[in-house]
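# Report on the structure
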Amino acid sequence: MRLPITSHTSRPWRIHQLTPDFHIEDVWALATPGGPDELPRLVSLISSGKFPDAAPLLVRTLWEARWKIGALLHWDSHDTGVGSRVDSLRDRLPEDLRAAPRGPDFSPFTSVYQLEHEWAAEIANRTVHAVMHVGWVPDESGGYHGQMAVLVKPNGPLGAAYMAAIKPFRHLIVYPALMRWIQHKWLTSGSHTPSSAEGLPHD
């Protein structure tokens with residue numbers, strides 16, 4: 001379920017201090033019911049998965065088309081990524097976050113930090129510098145679930161035009177499929193993936 005932007009901005013996430021020049025594009029509730037310490041399990045499922053494998057054909061077609069267009073127009077070449085066209089958000093980390101666990105990298109994302117209740121990973125190309133932020137939040141039933149926010153910093157007119165062009169596809173096709181994929185992975189994975197936040201710094 002898509003949530004209002006305030007669902008992200010109202011929480012004391014550490015990502016806020018790192019991304020004042022980013023725009024919050026989307027916030028989504030993840031159907032991942034669990035206990036208070038299960039963010040590491042969610043991080044493991046997302047970072048080890050292979051979306052859009054097993055997604056509907058339309059989703060896989062759009063996904064493949066994006067990467068083929070990117071290759072043709074050199075949107076995703078090495079000199080457009082994190083550490084090349086843009087500095088990594090890790091360069092902005094205060095001392096305590098720099099000492100915290102980094103979290104897992106998973107293509108095409110690079111992890112920035114992982115805490116007890118939040119995780120951030122970044123990606124950059126010729127169009128945008130973007131952050132996927134995953135938080136672990138309480139719900140009205142007394143349990144917890146994941147919450148995903150997408151933050152973006154478009155690269156000039158090209159980036160703004162790109163984000164506007166893909167917006168309907170993201171909202172109507174790709175992101176709903178991603179949310180269902182995460183839900184399926186969560187509900188079918190059991191509890192054998194890491195589920196303890198022991199040893200992770202508090203937010």
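What comes next is a walk through the structure. (Residues numbered from 1 in each chain as written. Predicted model: local features only at pLDDT ≥ 70, side-chain atom pairs only at ≥ 80, totals over all residues. Heavy atoms only, no water.)

## Concerning the environment of Trp119
Mapping Trp119 onto the fold places it in strand S3 (residues 118-124). The spatial distance from the C-alpha of Trp119 to the C-alpha of Ala29 is 15 Å, given a sequence separation of 90 residues. Reaching out from Trp119, the side chain makes a polar contact with the side chain of Ser111 at a distance of 2.8 Å. (Helix = DSSP H or I, 4+ residues; strand = E, 2+ residues; numbered from the N terminus. Polar contact = N/O pair within 3.5 Å; in protein donor to acceptor, adjacent residues only side chain to side chain.)

## Topic: the environment of His74
If you trace the backbone, His74 turns up in the loop between helix H4 (57-73) and helix H5 (95-98). Residues His74 and Asn125, spaced 51 residues apart in sequence, show a C-alpha to C-alpha distance of 9.0 Å. Discounting chain neighbours no more than four positions away, the residues touching His74 are Thr80 and Arg126. (Contact = heavy atoms within 4.5 Å.)

## Description of the layout of surface pockets
Computed from the structure, the largest pocket encloses a volume of approximately 1,200 Å³. Looking at the largest pocket, it is lined by 41 residues, and the ones nearest its centre are Trp63, Arg66, Trp67, Val174 and Tyr175. For the lining of the largest pocket, the secondary-structure elements that each account for two or more residues are helix H3 (39-48), H4, strand S4 (128-138), strand S5 (144-154) and helix H6 (156-188). When residues in the lining of the largest pocket are grouped by element, the largest group, 11 residues, is from H6. Of the residues that constitute the lining of the largest pocket, the class distribution is 30 nonpolar, four polar and seven charged. What lines the second largest pocket is simply Trp67, Asp76, Ser77, His78, Thr80, Gly81, Val82, Pro108, Thr110, Ile123, Ala124 and Asn125. Residues belonging to the lining of the second largest pocket are distributed by class as follows: five nonpolar, six polar and one charged. (1 Å grid on protein atoms, 1.4 Å probe; cavity = no way out; pocket = protein on both sides within 12 Å on 5 of 7 lines; lining within 4 Å. Points joined across faces, edges and corners; volume = space filled by probe spheres on them. Nonpolar A, V, L, I, M, F, W, Y, C, P; charged D, E, K, R; others polar.)

## Regarding H4
Taking 1.5 Å per residue, 17 residues should reach 24 Å; H4 reaches 24 Å between its end C-alpha atoms and fits that length. Inspection of H4 places Val59, Arg66 and Gly70 among the buried residues, and these make up the whole buried set. Seen end-on, H4 carries its buried residues on one side only, within an arc spanning 30°. What points out from H4, more than 90 degrees from its buried face, is the exposed set Leu57, Lys68, Ala71 and Leu72. Where H4 is buried, its residues touch H6. Residue His74 follows H4 closely and has a positive phi angle near 60°. (Expected span 1.5 Å × (residues − 1). Buried < 20%, exposed > 50% of the residue type's maximum accessible area, 1.4 Å probe, protein only. Arc of directions from axis to C-beta.)

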